[in-house]
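Chain residues, written in single-letter form:
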Amino acid sequence: MGKTLYLECYSGISGDMTVAALLDLGADRSVLDRVLKSLKVSGFETKISRVVKSGIDACDFDVVLDKDHENYDHDMEYLHGSEKSYTGHHEYTHSHEYPHEHRGMKEITEIIQKSEMTARAKKMAMRVFGILAQAESKAHGVPVEEVHFHEVGAVDSIVDIAAIAICMDNLDISNVIVPVLYEGTGFIRCQHGQIPVPVPAVTHIAE
């Protein structure tokens, strides 16, 4: 029959936070560690610890990247005023110093399928990436097979999605209930420049 996961996220939830919550619910850490090591991606290690947030004990899951795979946050540089150059075409003249790994569905499918994830976990992870690919396709007006993920194609995002699928499978979760979506407002800077929140791809995911 499987179990139902009820997620009430008043401030949203990140990939790391989702994995940590699933570990706190009893997902097997040793299984997670073993299967993540089978992913054919390099440049990362995971750290699981206990933290105290506002006096509450909680699990903390972190994907630690080496210097070659760190995500570069254009928005934080802009906010802190250390941006070197910004053109009208939303391109950073020094962006070559912070390469994004652009992977398409073909590359991600290969990473997932060649891992030691169970068939059910693989299906779940591929379903997530499939939804993301359709959303990116619609947002950018390109065929799904030509979609190259930017932030989502980065190592830490692949590890987060794989880890969630591994933990969901390990806990035998077959249904998820999210009573309310909190999508946020305002603007964010990304590789394409300044765009509104929720960003177009997120609205397509919600659809």
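Student: Which parts of the structure should I look at to understand the nonpolar core?
Tutor: Most often, soluble globular proteins have nonpolar side chains that are buried together. Counting residues in hydrophobic clusters, the biggest one holds 45 residues, and the most contacted among them are Leu23, Leu32, Leu36, Phe61, Met117 and Phe129. If you list the elements that add at least two residues to this core, you get helix 1 (15–24), helix 2 (29–37), strand 2 (44–53), strand 3 (56–65), helix 4 (105–113), helix 5 (119–140) and helix 6 (155–170). Broken down by element, this core gets its largest block of residues, 11 residues, from helix 6. Once residues within four sequence positions are removed from consideration, methionine 117 is found in contact with Val35, Ile112, Lys122, Ala125, Ala162, Ala165 and Ile166.

Student: How should the pairing of strand 7 (residues 187–190) be read in this particular structure?
Tutor: Remember that side chains alternate between the two faces of the sheet whenever the strand is regular. Looking at chain direction, strand 7 and strand 8 (residues 193–196) are connected through 4 bridges and run antiparallel. Directly across from phenylalanine 187, in strand 8, lies its bridge partner proline 196. Between strand 7 and strand 8, which pair antiparallel one after the other, the connecting turn spans 2 residues.

Student: I would appreciate a short explanation of the packing of helix 2 against helix 6 in the present structure.
Tutor: Pairs of packed helices are described in terms of their axes, by the angle between the two and the distance that separates them. Contact geometry for helix 2 and helix 6: axes closest at 10 Å, N-to-C directions at 140 degrees. By the angle between their directions, the pair helix 2 and helix 6 is classed as oblique. The way helix 2 lies across helix 6 gives a crossing that is right-handed. Contact residues: helix 2 offers Val31, Leu32, Val35 and Leu36, while helix 6 offers Val159, Ala162, Ala163, Ile166, Cys167 and Asn170. For the contact of helix 2 with helix 6, the residue count by class is 9 nonpolar, 1 polar and no charged.

Student: How should I be thinking about the state of the cysteines in this particular structure?
Tutor: Covalent bonding between the sulfur atoms of two cysteines defines a disulfide. According to the stated counting rule, one finds 0 disulfides in the structure shown. A disulfide-free cysteine, cysteine 167 has its sulfur positioned 9.0 Å from the sulfur of cysteine 59, the nearest such atom.

Calculation criteria
Residues numbered from 1 in each chain as written. Predicted model: local features only at pLDDT ≥ 70, side-chain atom pairs only at ≥ 80, totals over all residues. Heavy atoms only, no water. Core = buried A, V, L, I, M, F, W, Y, C linked by side-chain atoms within 4.5 Å. Buried < 20%, exposed > 50% of the residue type's maximum accessible area, 1.4 Å probe, protein only. Helix = DSSP H or I, 4+ residues; strand = E, 2+ residues; numbered from the N terminus. Contact = heavy atoms within 4.5 Å. Pairing = 2+ DSSP bridges. Axes fitted to C-alpha atoms, helices over the stretch in contact; angles between N-to-C directions. Parallel < 35°, antiparallel > 145°, perpendicular 65-115°, else oblique. Left-handed = near helix turned anticlockwise from the far one by under 90°. Nonpolar A, V, L, I, M, F, W, Y, C, P; charged D, E, K, R; others polar. Disulfide = S-S within 2.5 Å.

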